[in-house]
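What follows is each chain in one-letter form.
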Amino acid sequence: MSERAAVLRAIGKPLDLENIELEPIAADQVRVRIAASGVCHSDLSQATGALPAGTPCVLGHEGAGVVEDVGSEVHHVQRGDHVVIAWTAACGRCWFCQRGEVHLCQNSVADSYSMPYAKDRDGTALYTSVGVSSFATATNCLGRAVVPIPSDVPLEIAALIGCGVATGAGAAFNTAPVEHGASVAVMGLGGVGLASLMAAGVRGAAQIIAVDPAAARRELAASLGATDLIDPADGDVAKQVRAVTGRRGADIVFEAVGRSATIDAAVRATRRGGTTCVVGAAMPGDDVSLSAFHLFMDAKTLVGCQYGSVVPTRDFPLLLDLWRAGRLPLERLISRRVPLDNVNEAFDDLAAGRGIRTVIVNN
């Protein structure tokens, strides 16, 4: 079946808009007609080679759409259901899944990359992007990756749940749960960081400190509940955070950039006994150096965050319920809506730091 997709042919090159042929679905798969796909910074990092990606590959891992076909072994969705696609298709059987840590499933990656996916017009097999490949008009994915949602939820809102919102909000709900009355700092106010910021407000944080070099993003953070705004250009970020927290530092600092320099600043901005949560997708080889003495003396906790520690079947509906209640105004994260043909423009916006989230919308 011929579909339209944005194909990464070579690292560092623009995506090519091409016709592709989806393979017949296997018994454990579904086919999803993609309605909307968020453009995440991790997609750009794969395209530039900062994160690993096989080529040729159809990128996109933050998608939502309508189920078009269902394999014989899939029973929790049917044709016509609206779904969000999780980029970790947890097997439910491995040691991690049995412990409830489905975001760490040891079989998800191998199963997603070995499933029948697609080929290009010349018959060359295409790589999938973590089993989602939402920069397309339709995709094949494992049935266990799709989470059904109510049909009245706008699919452009639902798409954001698939990665950025699940990761950022999940960090504050699951990985480093924010306690009522806590002081929280968020470093990096893209879609992931702003989701952490909003979730901290839902959890009852008394002080929310928003850190980003872009004035527009700081202003948006203020309208979403930030109590203090910090511009890194004004000096050492950790000192600025301590200055507004009684010289202690924040109880929890969410680092949503994924760079060693900001992770270092986040650790220093965390109070003694507090928690630093690294949410940003870091690049291979970008190492962090810590003082063993201060780690011991200050009793801080440094925790990594993979996919917000979410259980998609539990957390995706919860996040959408919070959106419906007006407590997570996810629509405010959408800066721009573009057709699939404009995906490279969306990458340009990301590279330039313009906006928060561009969403590809298929009409």
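For the protein chain, the name recorded in an unreviewed UniProt entry is Zn-dependent alcohol dehydrogenase, with Mycobacterium vicinigordonae as its organism. Quoted verbatim from the Cofactor (unreviewed entry) field of UniProt, the annotation for the protein chain is "Zn(2+)". For the record of the protein chain, the UniProt heading Sequence similarities (unreviewed entry) holds the text "Belongs to the zinc-containing alcohol dehydrogenase family."

Draft legend 1. Seen up close, the overall build of the protein chain. Counting secondary structure elements, the protein chain contains 11 helices and 18 strands. At 20 Å, the protein chain has a C-alpha radius of gyration in line with the 21 Å of a compact globule built from 363 residues. C-alpha atoms of the protein chain, sized along the principal axes, occupy 60 × 40 × 40 Å. With 363 residues in all, the protein chain has 56% of them scored as buried. The contacts in the protein chain between residues at least 6 apart in sequence include a share of 70% that link residues at least 24 apart. Total accessible area computed for the protein chain in this model is approximately 14,800 Å², and 51% of it derives from carbon and sulfur atoms. Counting 31 positive and 38 negative side-chain charges, the protein chain places the centres of these two groups 5 Å from one another.

Draft legend 2. Looking closely at the sheet that holds strand S16 (residues 301–304). Spatially, S13-S12-S11-S14-S15-S16 is the arrangement adopted by the six strands of the open sheet, whose pairing is parallel. The two strands at the open ends of the sheet, each matched to only one other strand, are strand S13 (228–230) and S16. Adjacent strand axes in the sheet meet at a mean angle of 15 degrees when their direction is disregarded.

Draft legend 3. A look at the layout of surface pockets. Volume-wise, the second largest pocket comes out at about 280 Å³. Residue assignment for the lining of the second largest pocket shows that the elements contributing at least two residues are helix H8 (260–269), strand S15 (270–278) and helix H9 (292–298). Here the residues of the lining of the second largest pocket sort into three nonpolar, four polar and eight charged.

Draft legend 4. Summary view of the side chain of serine 133. Among the structural elements, serine 133 can be located in the loop between strand S8 (125–126) and strand S9 (138–142). Within the structure, serine 133 has its side chain in polar contact with the side chain of threonine 128 (distance 3.0 Å). In terms of polar contacts, serine 133 uses its side chain to reach the backbone amide nitrogen of serine 129, at 2.9 Å. Not counting residues within four places of it along the chain, the set of residues in contact with serine 133 comprises Val58, Leu59, Gly60, Tyr117, Tyr127, Thr128 and Thr139.

Draft legend 5. Highlighting the side chain of serine 108. Along the chain, serine 108 falls in helix H3 (residues 108–114). Of note is the side chain of serine 108, whose polar atom sits 2.9 Å from the backbone nitrogen of alanine 89. Setting aside residues no more than four positions away along its own chain, serine 108 makes contact with Trp87, Thr88, Ala89 and Arg144.

Draft legend 6. Quick peek at the nonpolar core. Core analysis: the biggest nonpolar cluster contains 79 residues, and Val165, Val178, Leu197, Phe254 and Leu330 have the highest contact counts within it. Counting residues per element, this core draws most heavily on helix H4 (residues 155–175), which supplies 13 residues. Taken domain by domain, this core gets at least three of its residues from each of domain 1 (2–162 + 329–361) and domain 2 (168–306). Look past the residues within four positions of leucine 330 in its chain and what remains in contact with it is Ile157, Leu160, Ile161, Val165, Met198 and Trp323. Within the second largest apolar cluster, 16 residues are counted, among which are Leu15, Val39, Leu44 and Leu59.

Draft legend 7. Structural detail: the environment of alanine 10. When you line up the elements, alanine 10 lands in the loop between strand S1 (2–8) and strand S2 (16–22). Considered as a pair, alanine 10 and threonine 48 are 38 residues apart in the sequence and their alpha carbons are 9.0 Å apart.

Draft legend 8. Structural detail: empty space enclosed by the protein. Evaluation of the coordinates by the stated rule reveals two cavities of 30 Å³ or more. Empty space within the largest cavity amounts to approximately 50 Å³. Of all the secondary-structure elements, those providing two or more residues to the lining of the largest cavity are helix H11 (343–352) and strand S18 (357–361). No other element matches the three residues that H11 contributes to the lining of the largest cavity. Classifying every residue of the lining of the largest cavity by side-chain character gives three nonpolar, three polar and four charged. Along the walls of the second largest cavity sit Glu62, Leu160, Gly164, Val165, Gly191, Val192, Leu333 and Arg357, which together make up its complete lining. Mapped onto the lining of the second largest cavity, the elements with two or more residues apiece are H4 and helix H5 (191–202).

Rules and cut-offs
Residues numbered from 1 in each chain as written. Predicted model: local features only at pLDDT ≥ 70, side-chain atom pairs only at ≥ 80, totals over all residues. Heavy atoms only, no water. UniProt positions renumbered as here; feature names shortened; annotations may be inferred. Helix = DSSP H or I, 4+ residues; strand = E, 2+ residues; numbered from the N terminus. Rg over C-alpha atoms; globule rule 2.2 N^0.38 Å. Buried < 20%, exposed > 50% of the residue type's maximum accessible area, 1.4 Å probe, protein only. Contact = heavy atoms within 4.5 Å. Areas by Shrake-Rupley, 256 points an atom, 1.4 Å probe, with all protein chains shown as cover. Lys, Arg positive; Asp, Glu negative; His and termini not counted. Charge placed at Lys NZ, Arg CZ, Asp CG, Glu CD. Pairing = 2+ DSSP bridges. Axes fitted to C-alpha atoms, helices over the stretch in contact; angles between N-to-C directions. 1 Å grid on protein atoms, 1.4 Å probe; cavity = no way out; pocket = protein on both sides within 12 Å on 5 of 7 lines; lining within 4 Å. Points joined across faces, edges and corners; volume = space filled by probe spheres on them. Nonpolar A, V, L, I, M, F, W, Y, C, P; charged D, E, K, R; others polar. Polar contact = N/O pair within 3.5 Å; in protein donor to acceptor, adjacent residues only side chain to side chain. Core = buried A, V, L, I, M, F, W, Y, C linked by side-chain atoms within 4.5 Å. Domains from an automatic or database assignment.

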